[in-house]
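Architecture at a glance
Here's the letter readout for the chains.
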Amino acid sequence: MTMTANEARDLPGAVKAVKEGYTVHDSSADYQTVGSPFVAEPKMRIRNVDVFYGSEQALFNVSVDIGKNEVIAMIGPSGCGKSTFLRSINRMNDTIDICKVSGSFILDEDDIYAKSMDVVALRARVGMVFQKPNPFPKSIYDNVAYGPKLHGLVSRKSDLDEVVETSLKRAGLWGEVKDRLLKPGTGLSGGQQQRLCIARAIAISPDVILMDEPCSALDPIATARIEELIAELSENYTIAIVTHSMQQAARVSQRTAYFHLGKLIEVNDTERVFTNPEHELTEAYITGRFG
Amino acid sequence: MIEDHQKKAEQVARGLKRRYRAEKRFRFYGIMAVAFGLLAVAVLFTDIITKGSGAFRQTYIQLTVHYDPEVLDITDLRDESQVALGNFSGVIRQGLYDRFPQFSSRNDKRELNKMISSGEGFELRDRLVENPSLLGRSETLWLVADDDIDTYFKSYGDSGGAFTGRVSETQRAVVEGLKQSGDIRLKLNTNFFTKGDSREPEQAGIWGAVVGSFFTLVITLALSFPIGVAAAIYLEEFAPRNRWTDLIEVNINNLAAVPSIIFGLLGLAIFINFFEVPRSIPVIGGLVLTLMTLPTIIITSRAAIKAVPPSIREAAIGIGASPMQVVMHHVLPLAMPGMLTGAIIGMAQALGETAPLLMIGMVAFIVDIPSGPASPATVLPVQIFLWADSPERAFVEKTSAAIMVLLAFLILMNTTAIWLRKRLERRW
Ligand SMILES: Nc1ncnc2c1ncn2[C@@H]1O[C@H](COP(=O)(O)OP(=O)(O)OP(=O)(O)O)[C@@H](O)[C@H]1O
Ligand SMILES: [Mg+2]
């Protein structure tokens, strides 16, 4: 089942009126993404998204689906709006005063930007892993236990212990830290810290995990560990990952989205994007002509 | 090409020399600046310590006193008015006459009367009340000498000869006599550490001012720390950035620059004239000093909050912490050392503040040790001001001694601030 962007406009919760006074789209803003942005079994349906920082428009009419249990990679030159897009999926952009988001984001059946949507509850469903590992200056145990405690997911200490253990195991960190759970998380190596952050994100069992360049601060071995991890996690989670490494996108993702200057140029199966891209801009990028 | 290379190396070498010279020069300036600062501190401290150390010791005279009911004019110790009116200084005088029978002329007796501090009568009264069986008996005591005698006795061994000042021939002979028999001596000045202010330098103590300062600072801290931290958190974490918050920001900075005496005037106008709170009490002092320290605390707290890495905040938000939880679980614990340091530095400023307290009447002459934040009090710096203004020579050393006490507290507070910061600081 595919859908055109125009059909998508009629989805519930689509915010049509952007605050007056913003620059109106020029004709190129109505660009239609090529390839197959929409899938049969979507976890998230994202339609006609515009994002503004003040009067600067960072995203133009982006529409895409994120499928259940798929890994979708987002690539594109620096400043093209990948992080902006990712951060609007779990409303991290709410913390930026000048940032205004319009369009519709439907997670399962719920409109993420609806008045009735509680951001705190949303972030229990959509977790995030950041570019720079950012463990709390607390113990390894407390880092992982923080989310479940915050959302009241466990009531007994033994349950919490179990959640911490399974999360660390899934993040592939358990073996390395099981004897030092009460040591500070900031004392781990960069790669371990990033896996700790992933453990922290999956401890609240989110449906979707957003990763913004999770390996950019890591060496190749640590990167390989995380890539393996992403493959394992995709059995249970839906993952959207931003990356600057095309090899990485090729290795971990099923579909790849190419952004360019705030527009979503092309979404296709990863293999197709890297072997036979549909759009010339995508081709220029993957062949290294810019970016 | 090779020549060019050499030329370049030479050029760099020449530049290097100049750079090193500049660096050396700069280091020299730096050392000079630090040395100047240290020198100033050293001069200040030696001056104060040489002047003030005398105040920690006090001349005492050993004397046998007879609690003669006739002289005292006390028949019944249970009668409070009798005890209150009892002629205890008469008892001391009689003790002196008995000790020095050779000075029997009226003039000599008058000189003798001035040997012992006039406050010691109260000392005897307290002893008698505590131990009624003393009535009609004698005991030998060390009594505090009068301030003129004290000054004279302390200067005894001075190279330029003793400072006789207002001490008469007779008194000098008496001191000589006492010295022969070992009945005059310098002892630890307990009055200085346990009593409030007094017109008699030998009876004046710093304790009243210390307690007053303590109550004032407790009020200041209890008000300014929570208010300051709450304001800082609101401004940093919750307030929208707009013209109003800009205005508030500018005014907080302005407030920090307002001369402190203005806060005193404000306190006088609002608390005392309008709300008619009694003057001279630590509550008002604390309120005024709160106004003064608030900007400092707000500014340092905001800086501490700003220093919390944004990545920690993002991590917490990303996992679903509400703004309040982000603050309580992450920002506050990480910013706390900085906030505490700011608070202690603010308190140290408040401890040394004089001008605004003069305006609200904390400059009154108060003998009693304040019993609470609502009883009249003075504070350390005001006490220094009062003593520095007193004509009696013995107050000179008291002034310096009080400065030493104040400095000791300041050093203690600043050390605590550094220790706290080192202790609580966490590294990311
Ligand atoms: N907080 C902000 N305020 C104003 N403009 C912003 C902000 N964040 C991003 N932008 C702008 O939005 C555009 C997209 O930025 P974004 O961070 O999404 O790019 P990106 O694709 O993630 O780049 P990179 O690959 O370098 O991380 C850029 O032009 C950037 O300048
Ligand atoms: Mg980015």
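What counts and how
Residues numbered from 1 in each chain as written. Chains lettered and ligands numbered in written order. Predicted model: local features only at pLDDT ≥ 70, side-chain atom pairs only at ≥ 80, totals over all residues. Heavy atoms only, no water. Helix = DSSP H or I, 4+ residues; strand = E, 2+ residues; numbered from the N terminus. Contact = heavy atoms within 4.5 Å. Rg over C-alpha atoms; globule rule 2.2 N^0.38 Å. Lys, Arg positive; Asp, Glu negative; His and termini not counted. Charge placed at Lys NZ, Arg CZ, Asp CG, Glu CD. Near = heavy atom within 4 Å. Polar contact = N/O pair within 3.5 Å; in protein donor to acceptor, adjacent residues only side chain to side chain. Areas by Shrake-Rupley, 256 points an atom, 1.4 Å probe, with all protein chains shown as cover. Nonpolar A, V, L, I, M, F, W, Y, C, P; charged D, E, K, R; others polar. Buried area = accessible area lost by both parts, 1.4 Å probe. Salt bridge = Lys/Arg side-chain N within 4 Å of Asp/Glu carboxyl O. Pairing = 2+ DSSP bridges. Axes fitted to C-alpha atoms, helices over the stretch in contact; angles between N-to-C directions. Phe/Tyr/Trp six-rings, centres within 6.5 Å; stacked < 30°, edge-to-face > 60°. Lys NZ or Arg CZ within 6 Å of the ring centre and 35° of its normal. Patch = residues over 30% accessible without salt bridge, like charges linked within 9 Å, V, L, I, M, F, W, Y side chains within 5 Å. Buried < 20%, exposed > 50% of the residue type's maximum accessible area, 1.4 Å probe, protein only. Domains from an automatic or database assignment.

Further remarks concern the overall build of chain A. Looking only at helices and strands, chain A has 11 helices and 11 strands in total. In chain A, of all internal contacts separated by at least 6 residues, the share reaching a separation of at least 24 is 70%.

Moving on, we come to the overall build of chain B. Of the regular secondary structure elements, chain B holds 18 helices and three strands. Whereas a compact globule of 428 residues would reach a radius of gyration of roughly 22 Å, chain B reaches 31 Å, over 25% beyond that. Along the longest, intermediate and shortest principal axes, the C-alpha atoms of chain B span 110 × 65 × 35 Å. Within chain B, counting contacts between residues at least 6 apart in sequence, those at least 24 apart form 77% of the total. Chain B carries 43 positive and 42 negative side-chain charges, and their two centres are separated by 13 Å.

Another aspect to go through is the site of ligand 1. All names here are of chain A. Around ligand 1, the surrounding shell holds 13 residues, and the nearest of these are Ser78, Gly79, Lys82, Ser83 and Thr84. Between ligand 1 and Thr84, the relevant distance is 2.4 Å, taken from an oxygen atom to a side-chain nitrogen or oxygen of the residue. Between ligand 1 and His244 there is a distance of 2.9 Å, counted from an oxygen atom to a side-chain nitrogen or oxygen. About the coverage of ligand 1: the protein hides 61% of its 630 Å² of free accessible area. Ranked by residues supplied to the shell around ligand 1, first place goes to helix 2 (residues 82–89) with three residues. Looking at the shell around ligand 1 residue by residue, the classes come out as five nonpolar, six polar and two charged.

Below, the discussion takes up the interface of chain B and chain A. Contact with chain B, which involves 19 residues of that partner, is made by 22 residues of chain A. In this assembly, chain B packs against chain A so that about 1,700 Å² is buried in total across both faces, 64% of it on carbon and sulfur atoms. Of all residues in chain B, B:Glu314, B:Ile317 and B:Ile319 give up the largest surface area on contact with chain A, accounting jointly for 34% of the area buried on that side. Summed over the shared surface of chain B and chain A, the number is one salt bridge. The partner of B:Glu314 in a salt bridge is A:Arg87, and the shortest N-O contact between them spans 2.7 Å. Joining chain B to chain A, the criterion identifies five residue pairs in polar contact (both at pLDDT 80 or more). When contributions to the side of chain B that touches chain A are tallied by element, the ones reaching two or more residues are helix 14 (310–318) and helix 15 (323–351) of chain B.

Bringing unusual backbone geometry into the picture now. Of note, the phi angle at A:Ser205 is positive, near 45°, even though the residue is not glycine. Position of A:Ser205 among the secondary structure elements: in the loop between helix 7 (190–202) and strand 8 (208–212). One non-glycine residue, B:Glu276, lies in the positive phi region at around 55°. With respect to the helices, strands and loops of the structure, B:Glu276 is situated in the loop between helix 12 (260–274) and helix 13 (282–306).

Moving on, we come to the sheet that holds strand 1 (residues 34–35) of chain A. Residues and elements named next belong to chain A. Taken together, seven strands build an open sheet; the order of strands is 1-11-10-4-9-8-7 and the sheet is mixed. Lying at the two open borders of the sheet, with one neighbouring strand each, are strand 1 and strand 7 (126–129). Bridge count between strand 1 and strand 11 (residues 263–269): two bridges; the pairing is parallel. Across the sheet, residue Val34 finds its bridge partner in strand 11, namely Glu266. Lying over the sheet, helix 8 (residues 220–233) contacts strand 4 (71–75), strand 8 and strand 9 (238–242), oriented at roughly 150° with respect to strand 9.

Along the chain, the position of A:Gly191 falls in helix 7. Not counting chain neighbours up to four residues away, the residues in contact with A:Gly191 comprise A:Leu218, A:Ala222 and A:Ile226.

The next subject is the packing of aromatic side chains. Inspection of every chain in the model, using the stated rule, returns 13 aromatic pairs over all chains. Measuring from ring centre to ring centre gives 5.3 Å for B:Phe192 and B:Phe193, while their planes differ by 80°; the resulting arrangement is edge-to-face. An aromatic cluster of three or more residues is present, and its members are B:Phe56, B:Phe192, B:Phe193, B:Trp387 and B:Phe395. Sitting over the ring of A:Phe136, A:Arg200 keeps its end group 4.5 Å from the ring centre. Over the ring of B:Tyr60 we find B:Lys187; its NZ or CZ atom is 5.2 Å from the centre of that ring.

So, about a positive patch on the surface. All names here are of chain B. On the surface, a cluster of positive charge is made up of Lys17, Arg18, Arg19, Arg21 and Arg25. Structurally, Lys17 can be placed in helix 1 (residues 2–52). Here Lys17 falls in the exposed class, since its relative accessible area comes to 59%.

Before going further, it helps to spend a moment on the domain arrangement of chain B. Residue and element names in this part refer to chain B. As assigned here, chain B comprises domain 1 (2–53), domain 2 (56–194) and domain 3 (207–424). Centre-to-centre separation of domain 1 and domain 3, based on C-alpha positions: 37 Å. Across the contact, six residues belong to domain 1 and eight residues belong to domain 3. For the pair domain 1 and domain 3, the number of links is zero salt bridges. Taken together, the links from domain 1 to domain 3 amount to zero residue pairs in polar contact (both at pLDDT 80 or more).

Turning to the sheet that holds strand 3 (residues 184–188) of chain B, a few remarks are in order. Residues and elements named next belong to chain B. The three strands are arranged 2-1-3 in an open sheet whose pairing can be described as antiparallel. Edge positions in the sheet fall to strand 2 (138–144) and strand 3, since each has one partner strand and no second. The average angle at which neighbouring strand axes cross in this sheet is 40°, direction not considered. Alignment of strand 1 (residues 57–66) against strand 3, held across five bridges, turns out to be antiparallel. Residue pairing across strands places Ile61 opposite Ile184, the latter belonging to strand 3. Across the sheet, helix 4 (residues 88–99) is in contact with strand 1 and strand 2; its angle to strand 1 comes to roughly 85°.

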